[in-house]
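Given next are the chains, with one letter for each unit.
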Amino acid sequence: MMKAVVGDKLVIEGRHESDPRRVGVITEVEHTDGSPPYMVHWFDSEHDTLVFPGPDARIEHVNA
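These notes cover the structure that comes with them. (Residues numbered from 1 in each chain as written. Predicted model: local features only at pLDDT ≥ 70, side-chain atom pairs only at ≥ 80, totals over all residues. Heavy atoms only, no water.)

**Observations concerning unusual backbone geometry**
Between P36 and the following residue, P37, the backbone shows a cis peptide bond with an omega angle of 10°. Summarising the element assignment, P37 is placed in the loop between β2 (22-29) and β3 (38-42). Phi is positive for E46, close to 60°, though the residue is something other than glycine. Position of E46 relative to the elements: it lies in the loop between β3 and β4 (48-51). A relative accessible area of 53% places E46 in the exposed class. (Helix = DSSP H or I, 4+ residues; strand = E, 2+ residues; numbered from the N terminus. Buried < 20%, exposed > 50% of the residue type's maximum accessible area, 1.4 Å probe, protein only.)

What follows is the structure, given as structure tokens:
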């Protein structure tokens, strides 16, 4: 199960070769156990969105 804390990065790989990779920083974690959904600030668009990460997503932990 995916677990994150505020400050971790969320990376979503494109499903197809032409799809861009998206990287954002997690700004809010809805659950105390670190499970999704997450509020993410995307670097490419400078927008914040609520994300329920799928199998193409991974967390880069800030304290790893």
